[in-house]
Amino acid sequence: MTPLLEVKNLTVRFARGRGQPLAAVDGVSFQLFPGEVLGIVGESGCGKSTVARAVTRLVDSSSGSIAVHGQDVTRVRGRRRRELYRHMQMVFQSPADSFDPRRTLGDGVGESLRNRGVSKKQAMAQARGLLEQCGLPASLAERYPHEVSGGQCQRAAIARALAIRPELLICDEATSALDVTVQQQILDLLDRCRREYAMAYLFICHDLALVERFCDRVLVMQAGRIVEQGTPEQVIGAPKQAYTRQLIESSLLFANY
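None of these values were measured; they are calculated from a predicted model. Note that residues are indexed from 1 along each chain, following the sequence as it is written. Predicted model: local features are reported for residues with pLDDT of at least 70 only, side-chain atom pairs are reported and counted for 80 or more only, and whole-chain, interface and lining totals are derived from all residues. Heavy atoms throughout the structure, all of them, feed into the side-chain values; hydrogens and water do not.

Caption draft 1: Main features of the overall build of the chain. Counting its secondary structure elements, the chain contains 10 helices and 10 strands. A radius of gyration in this sense is built from C-alpha atoms; the matching globule rule multiplies 2.2 Å by the number of residues raised to 0.38. Here the C-alpha atoms of the chain give a radius of gyration of 19 Å, agreeing with the 18 Å that 2.2 N^0.38 yields for 257 residues. Its C-alpha atoms give the chain principal-axis dimensions of about 55 × 45 × 45 Å. Counting across all 257 residues of the chain, residues that qualify as buried make up 49%. Throughout, a residue-residue contact means that at least one pair of heavy atoms, one from each residue, lies within 4.5 Å. For the chain, the share of sequence-separated contacts (at least 6 apart) that also reach a separation of at least 24 residues comes to 65%. Surface summary for the chain: the accessible area is close to 12,900 Å², and the carbon and sulfur share equals 47%. Residues counted as positive are Lys and Arg, residues counted as negative are Asp and Glu, and His and the chain ends are not counted. Charge placement uses NZ in Lys and CZ in Arg. For Asp and Glu, CG and CD serve respectively. Taken as two groups, the 33 positive and 27 negative side-chain charges of the chain have centres that lie 8 Å from each other. Numbering of helices and strands runs from the N terminus; a helix is a DSSP stretch of H or I covering at least four residues, while a strand is a stretch of E covering at least two. Burial classes follow relative accessibility: with a 1.4 Å probe on protein chains only, a residue under 20% of its type's maximum area counts as buried, one over 50% as exposed, and anything between as partly exposed. For every accessible area listed, the method is Shrake-Rupley and the probe measures 1.4 Å; residues are considered covered only by the protein chains on display.

Below you can see the structure in the form of structure tokens.
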């Protein structure tokens, strides 16, 4: 099967004063296949969110390649790049921050549709339908981000991502700011979207229990590099690396606290 996303030797360096640039991501390679859920785990600062931002071009890569359907997005420009990025969307940890507070949720969900030439009236109608698909009342289209709960806002963010029927949804700690009950509701929604739309996920998360339940494969990152990978059973059930074992022990301690 041809990968939907293929990352090869990705390196991202950030300047730090007058010293040598810091490699936040250092030679990372992986593939993500259609319909697959690939988790990336690791402690804060390990580079997992930087990988997501490099894939979506929110930060520039220093070297390496990022291919979507075999096309290296680091080398194409203009219309061709925009066409490739129509295949993917991203959901962030803090959904309220990704919506314009001066515009209603319906406006935010329908924005990508309007950008593709859909009339304002049609875009709002579709936005209301998308909100309902994500378990929200259509009336929330008239509300502003600060007027709804965190879980509702995250559902609206997923509705916005679904508007263009992406093949890949990148979730960057998309459930970490939510309580346990709402986390499960969001995971159930993502799982349903995966089955209905044959979507793939790049699922970045620090909660190993969620990753174990939701992901098909797992990458473990430490200091910008992948140090272990495999199925959840292999990585979380029988880790080979001391660092992975430490992550699991820390996760268990936190869960029992």
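Caption draft 2: Summary view of the sheet that holds strand β2 (residues 22-32). If you trace the four strands from one edge of the open sheet to the other, you get β2-β1-β4-β5, paired in antiparallel fashion. With partners counted over all chains shown, the strands left at the sheet margins are β2 and β5 (71-72), one partner each. Helix α1 (residues 48-55) contacts β1 (5-14), β2 and β4 (63-68) of the sheet and is inclined by roughly 110 degrees relative to β1. Here, strands pair whenever DSSP counts at least two bridges between them. Only the contacting stretch of a helix is used when fitting its axis, a line to C-alpha atoms as for every element, and angles between N-to-C directions run 0 to 180 degrees.

Caption draft 3: Summary view of the pattern of salt bridges. Salt bridge, as used here: a side-chain nitrogen of Lys or Arg that lies within 4 Å of a carboxyl oxygen of Asp or Glu. Per the stated rule, a full pass over the model turns up 11 salt bridges. R57 is the salt-bridge partner of D60, the closest N and O atoms lying 3.9 Å from each other. On the basis of relative accessible area, R57 is assigned to the buried category, the value being 19%. The residue E142 makes a salt bridge to R128 at a minimum N-O spacing of 3.1 Å. Within this pair, whereas E142 is found in the loop between α5 (120-133) and α6 (150-162), its partner R128 is found in helix α5, the two being separated by 14 residues in sequence.

Caption draft 4: How the structure looks around the sheet that holds strand β7 (residues 168-172). One open sheet accounts for six strands, arranged β6-β7-β8-β3-β9-β10; its pairing is mixed. Two strands lie at the open edges of the sheet, namely β6 (88-91) and β10 (225-230), each paired on one side alone. Each strand axis lies, on average, 20 degrees off the axis of its neighbour in the sheet, ignoring direction. Summarising the sheet, β6 and β7 pair through four bridges and their orientation is parallel. Note that in β7 the partner of V91 across the bridge is C171. Running at roughly 145 degrees to β7, α1 makes contact with β3 (37-41), β6, β7, β8 (200-204) and β9 (217-222) of the sheet.

Caption draft 5: Structural context of the packing of helix α4 (residues 105-115) against α5. As a packed pair, α4 and α5 sit with axes 8 Å apart at the nearest point and diverge in direction by 120 degrees. One way to sum up the angle between α4 and α5 is to call them oblique. With respect to the hand of their crossing, α4 and α5 are arranged in right-handed fashion. In this structure, α4 contributes G106, D107, V109, G110, L113 and R114 to the contact, and α5 contributes K120, A123, M124, Q126, A127, L130 and L131. Looking at the contact of α4 with α5, its residues break down into seven nonpolar, three polar and three charged. Under this scheme an angle from 65 to 115 degrees is roughly perpendicular, one under 35 degrees roughly parallel, and one over 145 degrees roughly antiparallel; angles in between are oblique. Throughout, a crossing is termed right-handed when the near helix is turned clockwise from the far one, and left-handed when it is turned anticlockwise from it by less than a right angle. For this classification, Asp, Glu, Lys and Arg are treated as charged, while Ala, Val, Leu, Ile, Met, Phe, Trp, Tyr, Cys and Pro are nonpolar and the rest, including Gly, are polar.

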